[in-house]
Amino acid sequence: QLKLVESGGGLVQPGGSLRLSCAPSGFTLVNSAIGWFRQAPGKEREGVSCISVGGTTTNYPDSVKGRFVISRDRAKNAVYLQMNSLKPEDTAVYYCAVQWRPTSGSCTLDQGWYDFWGQGTQVTVSS
């Protein structure tokens, strides 16, 4: 059974950091572009980061630019989201998603572009 598993969420104080991991089960990420998305209660899901197949292109919305960093480790078949200077408004369920065969060397924060999604991990930023 194919799965995409997010981990690393939890409760953190404002200004703190967390690193989320996204790892597949049953397939490899080597040819895939990856996106991270989040959904807060009562709000629509939004993209917070993506990384291209080669890892040379990343995208972030202004709301997290300079605080979040996406990276990928081919040897470990995983993608990470380092989140620094966290704010209460970063509280949400965070999801990773895979575009298995991207036709370009880029990536997008458009969630409709992605083929497969994980179940999410909760991030709560609160004092």
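Just above, that's the structure.
Residues numbered from 1 in each chain as written. Predicted model: local features only at pLDDT ≥ 70, side-chain atom pairs only at ≥ 80, totals over all residues. Heavy atoms only, no water.

Caption draft 1: The side chain of Thr121, seen in detail. Tracing the backbone through its elements, the reader meets Thr121 in strand S11 (residues 121-125). The class of Thr121 is buried, set by a relative accessible area of 11%. When sequence neighbours within four positions are dropped, the list of residues in contact with Thr121 reads Glu6, Ser7, Gly8, Gly9, Leu20, Ala92, Val93 and Tyr94. (Helix = DSSP H or I, 4+ residues; strand = E, 2+ residues; numbered from the N terminus. Buried < 20%, exposed > 50% of the residue type's maximum accessible area, 1.4 Å probe, protein only. Contact = heavy atoms within 4.5 Å.)

Caption draft 2: Structural detail: the packing of aromatic side chains. All told, the structure shown has seven aromatic pairs when counted by the stated rule. Look at Trp100 and Phe116: their rings are 5.3 Å apart centre to centre, the planes differ by 25 degrees, and that puts the pair in the stacked class. Taken together, the residues Trp100 in the loop between strand S9 (92-99) and strand S10 (116-117) and Phe116 in strand S10 connect sequence positions 16 residues apart. Ring geometry for Tyr114 and Trp117: centres 6.4 Å apart, planes at 70 degrees, overall edge-to-face. Its relative accessible area of 6% is what places Tyr114 among the buried residues. Members of the aromatic cluster, each reached through a chain of ring pairs, are Phe37, Trp113, Tyr114 and Trp117. The ring centre of Tyr95 lies 5.5 Å from the NZ or CZ of Arg45, which sits over that ring. Sitting above the plane of the Trp117 ring, Arg45 keeps its charged end 3.9 Å from the centroid. (Phe/Tyr/Trp six-rings, centres within 6.5 Å; stacked < 30°, edge-to-face > 60°. Lys NZ or Arg CZ within 6 Å of the ring centre and 35° of its normal.)

Caption draft 3: Region of interest: the pairing of S9. By the criterion of burial, S9 is predominantly enclosed, with seven of the eight residues buried. The pairing of strand S4 (residues 33-39) with S9 spans seven bridges and is classified as antiparallel. Looking at S9, one finds that Ala33 is bridged to Gln99. Pairing geometry for S9 and S11, over three bridges, is antiparallel. The residue of S11 that forms the bridge with Val93 is Gln122. Both S9 and S10 contribute to a ladder of two bridges, which runs antiparallel. From the neighbouring strand, Ala97 faces S10, where its bridge partner is Trp117. (Pairing = 2+ DSSP bridges.)

Caption draft 4: Region of interest: the state of the cysteines. What the rule picks out here adds up to two disulfides. Residue Cys22 pairs covalently with Cys96 via a disulfide, S to S 2.1 Å. Its torsion about the S-S bond being 75 degrees, the disulfide of Cys22 and Cys96 is classed as right-handed. In this pair, Cys22 is assigned in strand S3 (residues 18-25) and Cys96 in strand S9, connecting sequence segments 74 residues apart. Like Cys22, the residue Cys96 is buried in the burial classification. (Disulfide = S-S within 2.5 Å.)

Caption draft 5: Representation of the nonpolar core within the structure. In this structure, Leu4, Trp36, Phe68, Val79, Leu81, Met83 and Tyr94 are the most contacted members of the largest nonpolar core, which totals 27 residues. It is S9 that provides the largest number of residues to this core, a total of four residues. With residues up to four places along the chain from it excluded, the contact list for Phe68 reads Arg38, Val48, Tyr60, Leu81, Gln82, Met83, Asn84, Leu86, Asp90 and Tyr94. Grouped together as the second largest cluster of nonpolar side chains are six residues, Phe37, Cys50, Cys107 and Tyr114 included. (Core = buried A, V, L, I, M, F, W, Y, C linked by side-chain atoms within 4.5 Å.)

Take it as geometry only, folks, not as evidence of what the structure does.
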